[in-house]
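# Structural description and commentary
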Amino acid sequence: MHSAYAYPKSRYLPQNPVDLNAREERERLSKSALKGFFRLTAAWKLRDDDARELLGGLSSSAFYEWKKNPDRVLEVDRITRISYLLGIYKTLHIIYGDKLADEWVSLPNRNIIFAGRTPLAYMLAGGLLSMQTVRKLLDARRGGL
């Protein structure tokens, strides 16, 4: 291959993505993911019903059990949802000050994606794909894409 098309030499190597289908990986990530999620819901001042919906429609009894005891193994879908939400939280705190970062999801937004709704309403209505869209939007604003 011509050297002009070769990947530049660097001390950084691309990492393989985590295999969430592997139970060991989900066991390793689940407890900290849930703890992070519940901290996020407190920072964003989410209603429990909204938090349950963001997790994919979790029942009330399971939600309160998970909140009390986050030591469990989550399914791929729930870890992915939490990952998007934590990424959104982190990026908001990079872009904005803490106060606006924590209020942003609950503020009406004129971006064409949200059509005047709050980002939270958009994510509640659209689920996982909407979370992915919000994450991409914020990463792009941050300059990460």
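Thresholds, definitions, all that
- Residues numbered from 1 in each chain as written.
- Predicted model: local features only at pLDDT ≥ 70, side-chain atom pairs only at ≥ 80, totals over all residues.
- Heavy atoms only, no water.
- Core = buried A, V, L, I, M, F, W, Y, C linked by side-chain atoms within 4.5 Å.
- Buried < 20%, exposed > 50% of the residue type's maximum accessible area, 1.4 Å probe, protein only.
- Helix = DSSP H or I, 4+ residues; strand = E, 2+ residues; numbered from the N terminus.
- Expected span 1.5 Å × (residues − 1).
- Bend = angle between axes of the 7 residues up to and from the residue.
- Contact = heavy atoms within 4.5 Å.
- Phe/Tyr/Trp six-rings, centres within 6.5 Å; stacked < 30°, edge-to-face > 60°.

Taking an unreviewed UniProt entry as the reference, the chain is identified by name as DUF2384 domain-containing protein belonging to Pseudoduganella plicata.

Turning our attention to the nonpolar core. Residues Phe 37, Leu 85 and Met 123 are the most contacted members of the largest nonpolar core, which totals 33 residues. The set of elements that each furnish at least two residues to this core consists of helix H1 (23–43), helix H2 (48–54), helix H3 (60–68), helix H4 (76–95) and helix H6 (119–142). Here this core takes seven residues from H6, the largest share from any one element.

For H6, spanning 24 residues, the distance from its first C-alpha to its last is only 17 Å, which falls clearly below the expected 34 Å at 1.5 Å a residue. Gly 127 marks the point of greatest bend in H6, at about 140°. Within H6, burial applies to Pro 119, Leu 120, Tyr 122, Met 123, Gly 127, Ser 130, Met 131, Val 134, Leu 137, Leu 138 and Asp 139. For H6, the secondary structure elements touched by its buried residues are H2 and H4. Backbone geometry just after H6 places Gly 143 at a positive phi near 95°.

Taken as a whole and judged by the stated rule, the model has six aromatic pairs. Here Phe 38 and Phe 63 contribute two aromatic rings whose centre-to-centre distance is 5.5 Å and whose plane-to-plane angle is 70°, an arrangement assigned as edge-to-face. Here Phe 38, found in helix H1, pairs with Phe 63, found in helix H3; they are 25 residues apart in sequence, far enough to count as distant. Relative accessible area serves as the criterion here: at 11%, Phe 38 is assigned to the buried category. Note on Trp 104 and Phe 114: the rings are 5.9 Å apart at their centroids and 80° apart in plane angle, and the pair reads as edge-to-face. Within this pair, whereas Trp 104 is found in the loop between helix H5 (98–103) and H6, its partner Phe 114 is found in the loop between H5 and H6, the two being separated by ten residues in sequence. No difference in accessibility class separates Trp 104 from Phe 114, as the two residues are buried. Here the aromatic cluster, defined as three or more aromatic residues joined through ring pairs, consists of Phe 37, Phe 38, Phe 63 and Tyr 64.

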